[in-house]
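Inside the fold
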Amino acid sequence: PLVLGIETSCDETGVGIVRGHTLLADAVASSVDEHARFGGVVPEVASRAHLEAIVPTIHRALADAGVTLSDVDAIAVTAGPGLAGALLVGVAAAKGYALAAEKPIYGVNHLAAHVAVDTLEHGALPEPAIALLVSGGHSSLLLVEDLARGVTPLGSTIDDAAGEAFDKVARLLGLPFPGGPPIDRAARSGDPSAIPFPRGLSAARDLAAHRYDFSFSGLKTAVARWVEARQRAGEPVPVEDVAASFQEAVCDVLTAKAVDACRAQGVNTLVIGGGVAANSRIRSLAEERCARHGITVRVPRPKLCTDNGAMVAALGSHLVGAGVTPSRLDLPADSSMPLTTVNV
Ligand code: ATP
Ligand code: MG
Ligand code: FE
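What counts as what
- Residues numbered from 1 in each chain as written.
- Chains lettered and ligands numbered in written order.
- Predicted model: local features only at pLDDT ≥ 70, side-chain atom pairs only at ≥ 80, totals over all residues.
- Helix = DSSP H or I, 4+ residues; strand = E, 2+ residues; numbered from the N terminus.
- Contact = placed C-beta atoms within 7 Å.
- Buried ≥ 20, exposed ≤ 12 C-beta atoms within 10 Å, placed from the backbone.
- Arc of directions from axis to C-beta.
- Axes fitted to C-alpha atoms, helices over the stretch in contact; angles between N-to-C directions.
- Parallel < 35°, antiparallel > 145°, perpendicular 65-115°, else oblique.
- Nonpolar A, V, L, I, M, F, W, Y, C, P; charged D, E, K, R; others polar.
- Near = placed C-beta within 6 Å.
- Pairing = 2+ DSSP bridges.
- Left-handed = near helix turned anticlockwise from the far one by under 90°.
- UniProt positions renumbered as here; feature names shortened; annotations may be inferred.

This part is about the environment of serine 30. Within the fold, serine 30 resides in strand S3 (residues 22-30). Residue contacts for serine 30: discarding those within four places in its chain leaves Asp11 and Glu12.

Shown next as structure tokens:
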């Protein structure tokens, strides 16, 4: 099926067009620069930016794909989770286009879309698979037995999300927002074993109750304490070493628990999605550890890991292919849509 996907859950206005598993267009307009000076996304600013960008971005995607709206078989849109006012812009636009062009509409889960996007890179996802979802607002391990019908959460963060930890640590190192890319860059010239930062929920006593859960807030505090101690002593902060050691702590825990989940569930496919999946170290460490256990790891190219419309179109295409009933035209946006809901 030819599916147009619309994403407006945070600060990216994304419109993607796919045919089956083939990516035809991936247009993204970001308001990230408008938020950078606040050190985080400002909801009201994001909504206004979506409203300005949504129509031109839809038409740019159609032009890039060389198709017209009447060629499209279905329109998919992120219905949640995300910022309420931001979601509403995408959902309202999707309804307008669906109504005008008489196309079925699918209101889908942003997080399931972060998993589904990999099909554009590597084809149909073998099921069952384990998904490691690591983004700005979420960090979870999921068992994916049938993506069209839902995912089974195995565990998730009990405090900060992995991306949130990158953003907070970047801030205290004086690096720009969002923090993932500059930490990734700084870490390249740092020593990952320079500072032994804590691995949250990895000690034997924590594993009993939290085998597949994550915790990054203790790590963030440990980095802050370490940096403060340096500053108090009047010594320079070795930003590259701190970045590399922090990044190693995050990637170590994420990949160790993902591999453990695959082995315990008898699953030999690991898919990683969400903005943090763009990180160069999580990609290499996952490859290395999965190879040791005969697990195939699938991570889409970095541009598809962060928010975009192609991921929404990919999930929409999967749902159409699986014969899932479309949403009603009065579908709601749900800012706190649970991980277990794939479509509304
Ligand atoms: P959610 O998907 O949970 O609703 P979101 O949509 O805001 O949150 P994403 O766009 O999926 O989040 O991911 C953004 C996050 O990814 C940010 O926290 C950012 O710092 C992080 N990120 C992006 N690139 C990298 C990278 N190379 N290394 C580490 N983190 C990264
Ligand atoms: Mg973003
Ligand atoms: Fe996201």
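For helix H7 (residues 180-187), the set of buried residues is Gly180, Ile183, Asp184, Ala186 and Ala187. Buried residues along H7 cover an arc of 170 degrees about the axis, so they all sit on one side. If you follow the buried residues of H7, they end up packed against helix H6 (162-172), helix H10 (239-265) and helix H11 (280-292).

Now for unusual backbone geometry. In this model, glutamate 127 is joined to proline 128 through a cis peptide bond whose omega is 5 degrees. Turning to its location among the elements, proline 128 is positioned in the loop between helix H5 (119-122) and strand S6 (129-134). Here the bond from phenylalanine 177 into proline 178 is cis, since omega is -5 degrees, no more than 30 degrees from zero. Secondary-structure assignment places proline 178 in the loop between H6 and H7. A positive phi angle is found at glutamate 102, which is not glycine, with a value near 55 degrees. Following the sequence through the fold, glutamate 102 ends up in the loop between helix H3 (84-101) and strand S5 (105-109). Despite not being glycine, leucine 201 has its phi angle at roughly 55 degrees, a positive value. Within the secondary structure, leucine 201 is located in the loop between H7 and helix H8 (204-210). By C-beta crowding, leucine 201 is classed as buried, having 23 other C-beta atoms within 10 Å.

Our focus in this paragraph is the environment of alanine 243. Positionally, alanine 243 belongs in helix H10. Owing to 28 C-beta atoms within 10 Å, alanine 243 belongs among the buried residues under this scheme. Spatially, the C-alpha atoms of alanine 243 and glutamine 265 are 33 Å apart, while their sequence positions differ by 22 residues. What alanine 243 contacts, discounting residues up to four positions off in sequence, is Leu173, Ile183, Ala186, Ala187 and Gly190.

At a minimum axis separation of 10 Å, H6 and helix H9 (residues 217-232) run at an interaxial angle of 10 degrees. What the angle tells us is that H6 and H9 run roughly parallel. For the pair H6 and H9, the contacting residues are Ala165, Lys168, Val169 and Leu172 in the first and Leu219, Lys220, Val223, Ala224 and Val227 in the second. Looking at the contact of H6 with H9, its residues break down into 7 nonpolar, no polar and 2 charged.

With that settled, the discussion passes to the site of ligand 1. The local shell around ligand 1 holds 24 residues, among which Gly136, Gly137, Gly163, Gly180 and Gly275 are the closest. If you list the elements that add at least two residues to the shell around ligand 1, you get helix H4 (110-116), H6 and H7. In terms of residue class, the shell around ligand 1 is made up of 6 nonpolar, 15 polar and 3 charged.

On the secondary structure map, leucine 254 appears in helix H10. If we ignore the near neighbours within four places in the chain, the residues touching leucine 254 are Leu132, Val134, Ala162 and Ile282.

Each strand in a sheet pairs with its neighbour through backbone hydrogen bonds, running either in the same direction (parallel) or in the opposite one (antiparallel). In space, the 5 strands of this open sheet follow the order S8-S7-S6-S9-S10, with mixed pairing throughout. Taken across any chain shown, the strands that pair with only one partner, and hence form the sheet edges, are strand S8 (150-156) and strand S10 (296-298). Averaged over all neighbouring strand pairs, the angle between strand axes comes to 25 degrees, with direction disregarded. The pairing of strand S7 (residues 139-146) with S8 spans 5 bridges and is classified as antiparallel. Note on S8: the bridge partner recorded for leucine 141 is glycine 155.

Running from N to C, H7 and H10 point in directions that differ by 110 degrees, and their axes come no closer than 7 Å. As judged from the angle between their axes, H7 and H10 are roughly perpendicular. Crossing of H7 against H10: the hand is left-handed. Only Val239, Glu240, Ala243, Ala244, Phe246 and Gln247 of H10 make contact with H7, whose side of the interface consists of Ile183, Ala186 and Ala187. The residue makeup of the contact of H7 with H10, split by class, is 7 nonpolar, 1 polar and 1 charged.

We now examine the UniProt feature "binding site: substrate" (unreviewed entry) in the protein. Under the feature "binding site: substrate" (unreviewed entry), the UniProt entry names Leu133, Val134, Ser135, Gly136, Gly137, Asp167, Gly180, Asp184 and Asn279. Note that serine 135 resides in the loop between S6 and S7. The contact partners of serine 135, leaving out residues within four places of it in the chain, are His114, Ala161, Gly163, Gly274, Gly275 and Val276. Take aspartate 184: it is sitting in helix H7. For aspartate 184, the residues in contact, after removing those within four places along its chain, are Asn279 and Ser280.

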